[in-house]
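Structural overview for review
Each chain, written out:
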Amino acid sequence: MTASSATSATSASAASVPAPAPGSASDALGTPTTGWGHTVLGIVRLMVGFTFLWAFLDKTFGLGFSTPTENSWLNGGSPTSGFLGGSIEGGNPFAGAWEFFLSINPLTDLLFMLGLLGVGVALMLGIGTRIATASAAAMYTLMYLAAFPMSSNPLYDTHLLLAVAVIAMAGLSAGDHVGLGTWWTRVVRGNRFLI
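The rules behind these values
Residues numbered from 1 in each chain as written. Predicted model: local features only at pLDDT ≥ 70, side-chain atom pairs only at ≥ 80, totals over all residues. Heavy atoms only, no water. Phe/Tyr/Trp six-rings, centres within 6.5 Å; stacked < 30°, edge-to-face > 60°. pLDDT = per-residue confidence, 0-100. Helix = DSSP H or I, 4+ residues; strand = E, 2+ residues; numbered from the N terminus. Contact = heavy atoms within 4.5 Å. Expected span 1.5 Å × (residues − 1). Buried < 20%, exposed > 50% of the residue type's maximum accessible area, 1.4 Å probe, protein only. Arc of directions from axis to C-beta. Polar contact = N/O pair within 3.5 Å; in protein donor to acceptor, adjacent residues only side chain to side chain. Axes fitted to C-alpha atoms, helices over the stretch in contact; angles between N-to-C directions. Left-handed = near helix turned anticlockwise from the far one by under 90°. Nonpolar A, V, L, I, M, F, W, Y, C, P; charged D, E, K, R; others polar. Core = buried A, V, L, I, M, F, W, Y, C linked by side-chain atoms within 4.5 Å. 1 Å grid on protein atoms, 1.4 Å probe; cavity = no way out; pocket = protein on both sides within 12 Å on 5 of 7 lines; lining within 4 Å. Points joined across faces, edges and corners; volume = space filled by probe spheres on them. Lys, Arg positive; Asp, Glu negative; His and termini not counted. Salt bridge = Lys/Arg side-chain N within 4 Å of Asp/Glu carboxyl O.

1. So, the packing of aromatic side chains
The full count for this structure, using the stated rule, is eight aromatic pairs. Here a set of aromatic residues connected by ring pairs shows up, and it is made of Phe50, Trp54 and Phe65.

Shown next, in the form of structure tokens:
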């Protein structure tokens with residue numbers, strides 16, 4: 001066998017290995033993998049989604065966990081004023097931003113609640129995970145900034161940790177595992193923004 005024919009054979013065998021789907025993990029040969037880690041990632045996505053959806057339900061209806069019935073959104077309570085007001089009173093270095101957000105209430109409440117609902121539903125179903133995880137990361141980062149000064153760790157809290165984790169979910173196509181992501185990709189015909 002000559003060097004040129006060996007090169008041609010190697011090129012042909014490399015070309016016959018299917019390329020993995022965008023964002024999916026693959027082994028050394030490029031074969032897509034879906035091991036137990038992806039299943040766990042799908043479960044984590046469900047848990048984060050439920051965290052957002054539960055916050056929406058509790059703040060809307062005052063289910064008595066974090067929000068008493070009398071302070072529910074439906075009873076005229078503000079889902080954001082307590083948290084942001086506490087940040088301002090606690091000497092948060094970004095107090096000016098939180099004062100601005102409170103000055104445009106009830107718009108801030110509406111945007112926050114829509115964010116909780118949209119992210120929660122999308123992550124629970126495993127659809128639109130790129131938009132959902134970007135939105136979740138933005139919301140978590142804002143909550144992280146509102147938590148300054150930190151009381152238990154000088155650098156970050158769980159909000160920032162979760163912001164990074166949800167971005168990883170987008171990169172690893174977490175909606176495809178224990179979710180409807182594969183079906184959703186076909187529905188949006190591969191539009192990468194909507195996956």
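2. Describing the confidence of the model for the chain
Across the chain, the average pLDDT comes to 85, with 83% of residues at or above 70. Mean pLDDT across the elements of the chain ranges from a minimum in helix H1 (residues 3–16), with 47, to a maximum in helix H5 (residues 107–125), with 97. Ignoring residues within four places in sequence, the model shows residues 5–24, a span with pLDDT below 50, making 13 contacts including any to other chains.

3. Details of helix H7 (residues 158–171)
If you check H7, its first and last C-alpha atoms are 20 Å apart, about what 14 residues at 1.5 Å a residue would give, namely 20 Å. The complete set of buried residues in H7 reads Ala163, Val166, Met169 and Ala170. For H7, the angular spread of the buried residues around the axis is 120°, confining them to a single face. Turned more than 90 degrees from where H7 packs its buried face, Thr158 and Val164 sit exposed. On its buried face, H7 sits against helix H2 (36–61) and helix H6 (129–146). Between the side-chain oxygen of the N-cap and the backbone nitrogen of His159 there are 3.0 Å, and the N-cap of H7 in question is Asp157.

4. Some thoughts on the packing of H2 against H5
In the contact formed by H2 and H5, the axes pass within 7 Å of each other and the chain directions differ by 145°. The hand of the H2/H5 crossing is left-handed. Contacts from Arg45, Leu46, Val48, Gly49, Phe50, Phe52, Leu53, Ala55, Phe56, Lys59 and Thr60 of H2 reach H5 at Phe112, Met113, Leu116, Leu117, Val119, Gly120, Val121, Leu123, Met124 and Leu125. For the contact of H2 with H5, a count of residues per class yields 16 nonpolar, three polar and two charged.

5. Some words on H5
Within an α-helix, residues lying three or four positions from one another point in the same direction, as the helix has 3.6 residues per turn. If you check H5, its first and last C-alpha atoms are 27 Å apart, about what 19 residues at 1.5 Å a residue would give, namely 27 Å. By the burial criterion, the buried members of H5 are Thr108, Asp109, Phe112, Met113, Gly115, Leu116, Val119, Gly120, Ala122 and Leu123. Tucked into the core, H5 has its buried residues touching H2, helix H4 (95–103) and H6. Immediately beyond the C-terminal end of H5, within one or two residues, lies Gly126, with a positive phi of roughly 80°.

6. A short note on the environment of Ile43
Here Ile43 lies in helix H2. Residue classification places Ile43 among the partly exposed residues on the basis of a relative accessible area of 40%.

7. As for the nonpolar core
As a rule of thumb, nonpolar side chains are buried together in soluble globular proteins. Counting 21 residues, the largest nonpolar core has Val48, Phe52, Leu116, Met139, Tyr140 and Val166 as its most contacted members. Those elements that provide at least two residues to this core are H2, H5, H6 and H7. Beyond its immediate chain neighbours, meaning those up to four positions away, Tyr140 contacts Val48, Thr51, Phe52, His159, Leu162, Ala163 and Val166.

8. Some thoughts on empty space enclosed by the protein
Once rolled over the atoms, a probe with the size of a water molecule shows which space is left empty. Across all of its chains, the model carries one cavity of 30 Å³ or more by this definition. When its volume is computed, the largest cavity comes out at roughly 40 Å³. Forming the boundary of the largest cavity are Gly126, Thr129, Ser173, Gly175, Asp176, Gly181, Trp184, Thr185 and Ile195. If you tally residues by element for the lining of the largest cavity, the top one is helix H8 (residues 181–187), at three residues. Within the lining of the largest cavity, the residues separate by chemical class into two nonpolar, six polar and one charged.

9. A few points about the side chain of Asp58
Following the sequence through the fold, Asp58 ends up in helix H2. Comment: no salt bridge for buried Asp58; closest opposite-charge side chain is Lys59, at 6.1 Å. Only 2.9 Å separates the side chain of Asp58 from the backbone nitrogen of Ser66, close enough to count as a polar contact. Within polar-contact distance, the side chain of Asp58 engages the backbone nitrogen of Thr67 at 3.0 Å.

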